[in-house]
Amino acid sequence: MASNNFATGLKRSALTVALGMCFVGGVQAQSNSAGAVTGRAASGDTITITNPATGFSRTITVDGSGSYRFSALPTGQYQLSRNGGATRPVTVNVGSAANIDFVSSGGDATTLDTVTVVGSGAINPIDVSSVESTTILTAEQIAKIPVARDTTAVALLAPGTVRGDAAFGNLASFGGASVAENQYFFNGFNITNSFNNLNFAQVPFEAIAEQQTKTGGYGAEFGRSTGGVVNQISRRGTNEFMAGGNIFYTPGSMRETFPNQVLNDGTVVANNSNDKFADELTAAVWAGGALVKDRLFAYGLVQYTRIDNNLALPGTTAGKSSSDINVQPKWLLKMDWNISDNHIIEFTGISDKREIETDYFTTTVTGGIPNSGVYTGTEFSEFGGNTYIGKYTGYLSDNFTLSVLAGTTESARGNYSVSSSGLVNEYNGTVGVPAAGCPVIVDARPSVVNNTIVGRSGCSIADILGRPDAKDTRDQFRIDAEWQLGDHLLRAGIDIDNFESVAGESYSGGAVWRYGRYAATGNTSENEVVRKRVFQSGSTVAVDQTAYYIEDSWSVTDNFIAYMGLRWDNFKNMNGEGETFAEIKNQFAPRLGFSWDVFGDSTFKVYGNAGRYALPLTATVAVRGASKSLFSEQYYTYTGVDPVTGAPTGLTLIDNPANGRPIRYLNNEFGVGKNPETIADVDLKPMYQDEYILGMQKQITDSFSLGARLIHRDLKAAIDDQCDYRPLLAWAFANGFTDNGSHGFQEVADKTLPTDVAVYNPGFAFCHLYNPGEDATFRMDVNGDGVLETVEIDADVLGPKAKRKYTAFEVFFESSFERGFLQGSYTFAKNIGNTEGGVKSDIGQDDTGTTQDFDYPELAEGSYGYLPNDRRHSLKLFGSYDLTDTVSIGGNFSAQSGRPINCFGYHPISPNYGNSYFYCDGEQVDRGTAGRTPWTQKLDMNVSWQPAFASDKLTFKVDVFNVFNSRKPVTVNEFGEDAGGNLQPNVYKSVNGWQTPRAVRFMVQYDF
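An account of the accompanying structure is given in this report. Predicted model only: the values in this text are computed from it and were never measured.

1. Quick look at a negative patch on the surface
Next, step 1: Residues Asp775, Glu792, Asp794 and Asp796 make up a contiguous surface patch of negative charge.
Next, step 2: Within the secondary structure, Asp796 sits in helix α7 (residues 795-798).

2. Some points on the pattern of salt bridges
Next, step 1: This structure, assessed with the given rule, holds 49 salt bridges.
Next, step 2: Where Glu221 meets Arg478, a salt bridge forms, and the shortest distance between an N and an O atom there is 4.0 Å. Remark: Arg478 occurs in strand β29 (residues 471-485) and Glu221 occurs in the loop between β13 (208-216) and β14 (229-234); sequence separation between them is 257 residues. One exposure class covers both Glu221 and Arg478, and it is buried.
Next, step 3: Lys471 is the partner of Glu410 in a salt bridge, and the nearest nitrogen-oxygen pair spans 3.7 Å.

3. Here we look at the sheet that holds strand β4 (residues 67-73)
Next, step 1: One open sheet accounts for 3 strands, arranged β4-β1-β7; its pairing is mixed. Since the sheet does not close on itself, it has two edges, and those belong to β4 and β7 (97-99), each with one partner. Averaged over all pairs of adjacent strands, the angle between strand axes in this sheet comes to 15°, irrespective of strand direction.

4. Let's talk about the pairing of strand β6 (residues 87-92)
Next, step 1: By the criterion of burial, β6 is predominantly enclosed, with 5 of the 6 residues buried.
Next, step 2: Bridge analysis of strand β5 (residues 76-82) against β6 gives 6 bridges, and the strand direction is antiparallel. Its bridge partner being in β6, Tyr78 is matched across the sheet by Val90.
Next, step 3: Taken together, β5 and the strand that follows it, β6, pair antiparallel across an intervening segment of 4 residues, in which Asn83 is found at a positive phi of about 55°.

5. Some thoughts on the packing of aromatic side chains
Describing an aromatic ring pair means giving the distance of the ring centres and the angle of the ring planes.
Next, step 1: What the rule picks out here adds up to 29 aromatic pairs.
Next, step 2: Ring plane angle 35° and centroid distance 6.1 Å describe the contact between Phe817 and Tyr881, whose orientation is recorded as tilted. On the criterion of sequence distance, the pair formed by Phe817 in strand β47 (residues 804-817) and Tyr881 in strand β50 (residues 873-882) is long-range, its members being 64 residues apart.
Next, step 3: Here Tyr881 falls in the partly exposed class, since its relative accessible area comes to 35%.
Next, step 4: Centre to centre, the rings of Phe904 and Phe975 are 5.7 Å apart; their planes meet at 40°, and the pair counts as tilted.

6. Comments concerning the sheet that holds β6
Next, step 1: Pairing in this open sheet of 4 strands is antiparallel, and the strands run β3-β2-β5-β6 from one edge to the other. The open sheet terminates on both sides in strands that have one partner only, identified here as β3 (56-61) and β6. Adjacent strand axes in the sheet meet at a mean angle of 25°, parallel and antiparallel pairs treated alike.
Next, step 2: Note: strand β2 (residues 46-51) against β5, 4 bridges, orientation antiparallel. Paired with Ile47 across the two strands is Arg82, which belongs to β5.

7. Some points on a positive patch on the surface
Next, step 1: A cluster of like positive charges, contributed by Lys685, Lys801, Lys803 and Lys805, occupies part of the molecular surface.
Next, step 2: Assignment of secondary structure puts Lys805 in strand β47.
Next, step 3: Exposure remark for Lys805: the relative accessible area of 38% places this residue in the partly exposed category.

8. Observations regarding the side chain of Thr936
Next, step 1: One can find Thr936 in strand β54 (residues 936-945).
Next, step 2: If we skip the residues at most four places from it in the chain, Thr936 touches Ser894, Ala895, Gln896, Lys968, Pro969, Val970 and Gln995.

9. Quick notes on the environment of Phe817
Next, step 1: Taking relative accessible area as the criterion, Phe817 reaches 34% and is therefore assigned partly exposed.
Next, step 2: Taking C-alpha positions, Phe817 is 6.7 Å from Ser703, a pair spaced 114 residues apart along the chain.

10. Brief notes about the nonpolar core
Next, step 1: Membership of the largest hydrophobic core comes to 38 residues, with the highest contact counts inside it found for Leu171, Phe186, Ile191, Leu198, Val203 and Leu332.
Next, step 2: Looking at this core, the element that brings in the most residues is helix α3 (residues 151-155), giving 3 residues.
Next, step 3: Apart from residues no more than four positions distant in its own chain, Ile191 is found in contact with Tyr184, Phe185, Phe186, Phe200, Ala201, Val203 and Arg474.
Next, step 4: Ala718, Leu729, Met780 and Phe854 belong to the second largest nonpolar core, which has 27 residues in total.

Calculation criteria
Residues numbered from 1 in each chain as written. Predicted model: local features only at pLDDT ≥ 70, side-chain atom pairs only at ≥ 80, totals over all residues. Heavy atoms only, no water. Patch = residues over 30% accessible without salt bridge, like charges linked within 9 Å, V, L, I, M, F, W, Y side chains within 5 Å. Areas by Shrake-Rupley, 256 points an atom, 1.4 Å probe, with all protein chains shown as cover. Salt bridge = Lys/Arg side-chain N within 4 Å of Asp/Glu carboxyl O. Lys, Arg positive; Asp, Glu negative; His and termini not counted. Charge placed at Lys NZ, Arg CZ, Asp CG, Glu CD. Helix = DSSP H or I, 4+ residues; strand = E, 2+ residues; numbered from the N terminus. Buried < 20%, exposed > 50% of the residue type's maximum accessible area, 1.4 Å probe, protein only. Pairing = 2+ DSSP bridges. Axes fitted to C-alpha atoms, helices over the stretch in contact; angles between N-to-C directions. Phe/Tyr/Trp six-rings, centres within 6.5 Å; stacked < 30°, edge-to-face > 60°. Contact = heavy atoms within 4.5 Å. Core = buried A, V, L, I, M, F, W, Y, C linked by side-chain atoms within 4.5 Å.

Dropping the structure here:
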């Protein structure tokens, strides 16, 4: 029996080496940039591991417990031997521990027989040390299946992931969390953009050797995520020189268009059939090898992408069409220096710069069909930058390993535009200095709405301008140590991650001019009064994060591992003056787990874990909420209109009808610095959730394994802002602040804003950060005397507790056969609550951490229900098959149920937020009860050819995405009422988003 177990285990290991890829249901967190090899042998044996490609070699002596471990190994193919005997192949993947036993579970020595390789595909051996839920895909596997060459597309192959809304870019939701709750790593360095957690460094995809997607249960080494973790490892040089290049080409003529956007009465809103897609081209060249054999290695890659598009944007009588050029010059350099077999230094340099130039055109309507019209201007945007990472790994003894990582990155987010008249639209980020260029013109006069007179327009391209100098900078430093102490594998570390953002926004041209009939000003003509609103923010804000962790994987018996991890996170957010406005110390996040090797032969594993995961505030919160910001409103009479900009001329300032003074500051944004003590609840906690997983994985045959797991996630605390001034004023009345000598407080029972109260001062913030559902203590200047009062508000006054629960059952399998492989999963999930999390997909709100969910209690009425990422059923299948020795085909199929639909409209009593409530026609419509979007299905296929005459060096491939051109709706208009509270049956539930239509991609690659 022992001999059979050994042969089976050997065959599985050999098959894995032959394929060089894996798809697994769970892998113990060994490191975020390396792997490990573990096993059992006789006490006193010497075990040697060697990487023939780099000359790396280590030898250790088996301890008294009969266990051995090679930790922090660079990923790759290794040879393992005992006492100088025959070698065994082993593959090391990121974050995984390959298990190779030289003695049976009973302690009997085994013998190494010949390696038998069956077929071209293989299943990954079950890692019985695992308590995590993770998927690893190598570059070789990704190349065999039709999948987009980007991080998110690969992550979406994992069980429990669904695509997020297009409003936030190309991002995935993990386990019911919002797309803003994930973390992304490259070679151990955090590349997540912490400005709003909605972006990450776009590493040149051809440089990625493997990607690990963690969907749950990850160890204490990882934090700052309540969604998932994506972990990528780069290619690297070896003793064998290698070079190559490829071209990916997607012709625009072979890309299908989206359906036309049509209202419920048949009116065409956007004629998408006019979209013209230019050719998309990505070219890459690379080379790698040894600068000094066995010691110094280099790998470099240069990649260039150009994408051109001509798109129709919505508009029945007005709007814009666009034509853009997207240029992406990228590069990567990886250096590895094996100073000795015990000391390794690595360097990684990345550039992911992207430059986008977009021309805009007016949209004219002919015969009810909008078409591209007159050129109005060009917008210039710049994204990305450079990242530099250094890492040291020291194998200081047989049982102790130390790694040190330090890195820095700087990434641009700047933009400006030039109108057709030559005006430059840009904002320098200084509050109080208007943005240059074309102001935003809104013509809301009744005669314009009824189409009896021609409306006024201007030359603005975008309503909101960012800063040309906007950028994000990250400095990261971490130390990780690992100590094998008998039956205990101890790991500990410190992680310092500091992030700084230069950011700011302004209305284009410095203001929004709104023409309308404003009877409250005493002027009744629609051609007499114009309203001017100015919004500006701009500052350099920062987030400092420090974490400590310690974990123990205890081999209680030969077949049972108990895991315990402890993590402490510290978060500190600073405003534009460098002052701390929110700080959370020692947020405790315990993790517990177990793994049971049921039969003692690594063919059947039962595992489980429970853990707490915390998420910090993003940097974007501070730009407006805690730093200087200006939001003002003024009214004017005017005598003329500028023919180019559309702005009024001959202005005379009149009193604001809201407060009887010439100027009104909305949301108490006066354009001056905010007192950091007044921004957040004194006892603010981080966003955190608890997670529980119970799973199993069984090898059915040598070529088929099956796994299943139950997952439950429960959000325990959220951070958001509340902007309801009513309980604050009620507190003031109750505590004797009825008159300060110059202003009196009005009764606010009618839930309207007082017209003249003392709370209009910079020390009285309208919006505060707090934990929904918790009592809050705010510091604020109630009466404007410069002294801060302590205001305590009960939780039930502020609104309900934040709730989000995710429960899922996942089944996943992996199979191999003579000429190919097939892998897949099915997930049944429910995602319910009253908040999606960091963002709000219902309305596309990307204000991470400060959505409108809890601004007023009325916004939460009817908000409990199935959330936007609730996809009840998800089926995923992908694989490849070798038709001949030179021709192979690949497939990637997914089917997914639709998302819930809401009905947003006016609240019958509280109209503060217009049509943002879960009410329609005066009746509450609970979240997610207005139907669902339809099921979607998508099949991608490819065929590749490696001609025999080229000795496997030349590859041609054709990918067809969405073969059957399925264009099912994925989003609809969820506003049952318009901004004026009127039912809009012609718009409500009309489709505004579809599946990506069919496209064809060609690839040619040559490897030297």
